[in-house]
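Examination of the molecular architecture
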Amino acid sequence: MLGYEAKSDNCNIFVVNLDKINITMIKVSDTAKKKIIDLMKDDGFDATIDYVRVGVKSGGCSGLSYDLKFDKNLGENDKVFEDNAVKIAVEKKSLLYLAGTILEFSGGINGKGFVFNNPNASRTCGCGESFSL
């Protein structure tokens, strides 16, 4: 539910219920999709039913860092998105930090592995694993 509520003290409040909004929170590039499917298979996960868990935690040289792992289960505070045939689980407290992020994979001799292209980050570290808003 997206709504507007006026308060009597001349303070306006905009109410957003994220469970009712259908948006693609995180996009997955084709190269990231292929690597995710390969790694999930190697680790005993099935990309058709299991999840890539993406989150944000305190730490890193820029203040916040990305957390990426595979998971077979969902928690009660998880929101699930799917892009490019990859199921993504995000805990609700990380949602606003990740809106519009593109998950990519950079391989090769100078590759970094998984790369988060986050439009919300105002500053990132050199390795691309941490950011600040």
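Use the structure listed above.
Residues numbered from 1 in each chain as written. Predicted model: local features only at pLDDT ≥ 70, side-chain atom pairs only at ≥ 80, totals over all residues. Heavy atoms only, no water.

Time to look at the nonpolar core. Grouped together as the largest cluster of nonpolar side chains are 21 residues, with contacts concentrated most on I26, I36, V52, V54, I88, V90 and L98. Elements with a minimum of two residues in this core: β3 (26-28), α1 (30-42), β4 (51-58), β5 (64-71), β7 (86-91) and α2 (95-98). Residue contacts for I88: discarding those within four places in its chain leaves I26, V28, V52, V54, K79, V80 and F81. (Core = buried A, V, L, I, M, F, W, Y, C linked by side-chain atoms within 4.5 Å. Buried < 20%, exposed > 50% of the residue type's maximum accessible area, 1.4 Å probe, protein only. Helix = DSSP H or I, 4+ residues; strand = E, 2+ residues; numbered from the N terminus. Contact = heavy atoms within 4.5 Å.)

Judged by pairing direction, the sheet is mixed, and its 3 strands sit side by side in the order β3-β8-β9 without closing on themselves. Each edge of the sheet is formed by a strand with only one pairing partner; in this case those strands are β3 and β9 (113-117). Sheet twist, expressed as the mean angle between neighbouring strand axes with direction ignored, is 25°. For β3 and strand β8 (residues 101-106), the ladder comprises 3 bridges, and the chain directions are parallel. Note on β8: the bridge partner recorded for V28 is L103. (Pairing = 2+ DSSP bridges. Axes fitted to C-alpha atoms, helices over the stretch in contact; angles between N-to-C directions.)

Here the focus is the pairing of β9. Two faces belong to every sheet, and in a regular strand the side chains alternate between them. Bridge count for β8 against β9 is 5 bridges, and the pairing is antiparallel. Of the residues in β9, the one forming a bridge with I102 is N117. Hairpin remark: β8 followed by β9, antiparallel, with 6 residues in the connecting loop; positive phi at G108, about 90°.

Within this structure, the stated rule accounts for 3 aromatic pairs. Ring centres of F45 and F70 lie 5.6 Å apart, and the angle between their planes is 55°; this geometry places the pair in the tilted category. With F45 in the loop between α1 and β4 and F70 in strand β5, the pair connects residues that are 25 residues apart, well separated along the chain. With a centroid separation of 4.0 Å and 10° between ring planes, the pair formed by Y66 and F116 is classed as stacked. Residue Y66 is located in strand β5, and its partner F116 is located in strand β9; the two are separated by 50 residues in the primary sequence. For the residue pair Y66 and F116, the accessibility class agrees, reading buried in each case. (Phe/Tyr/Trp six-rings, centres within 6.5 Å; stacked < 30°, edge-to-face > 60°.)

Our next topic: unusual backbone geometry. Across the chain, the bulk of peptide bonds are trans and the bulk of non-glycine residues have phi less than zero. Even without being glycine, N84 reaches a positive phi, approximately 55°. Note on placement: N84 falls in the loop between β6 (78-83) and β7. Unusually for a residue other than glycine, A85 sits at a positive phi of about 65°. Here A85 lies in the loop between β6 and β7. Residue A85 is classed as partly exposed on the basis of its relative accessible area, which comes to 42%.

Right, let's get into the pattern of salt bridges. Taken as a whole and judged by the stated rule, the model has 6 salt bridges. K34 is the salt-bridge partner of D38, the closest N and O atoms lying 3.2 Å from each other. One end of the pair is D38 and the other is K34, both in helix α1 and 4 residues apart, which spans about a single turn. Under the relative-accessibility criterion, K34 is labelled exposed at 56%. A salt bridge links D50 to K72; the shortest N-O distance between them is 3.3 Å. Taken together, the residues span a long stretch of sequence, with D50 in the loop between α1 and β4 and K72 in the loop between β5 and β6 at a distance of 22 residues. A relative accessible area of 5% places D50 in the buried class. Bridged by salt links that share partners, the residues R53, D71 and D78 form one connected network. (Salt bridge = Lys/Arg side-chain N within 4 Å of Asp/Glu carboxyl O.)

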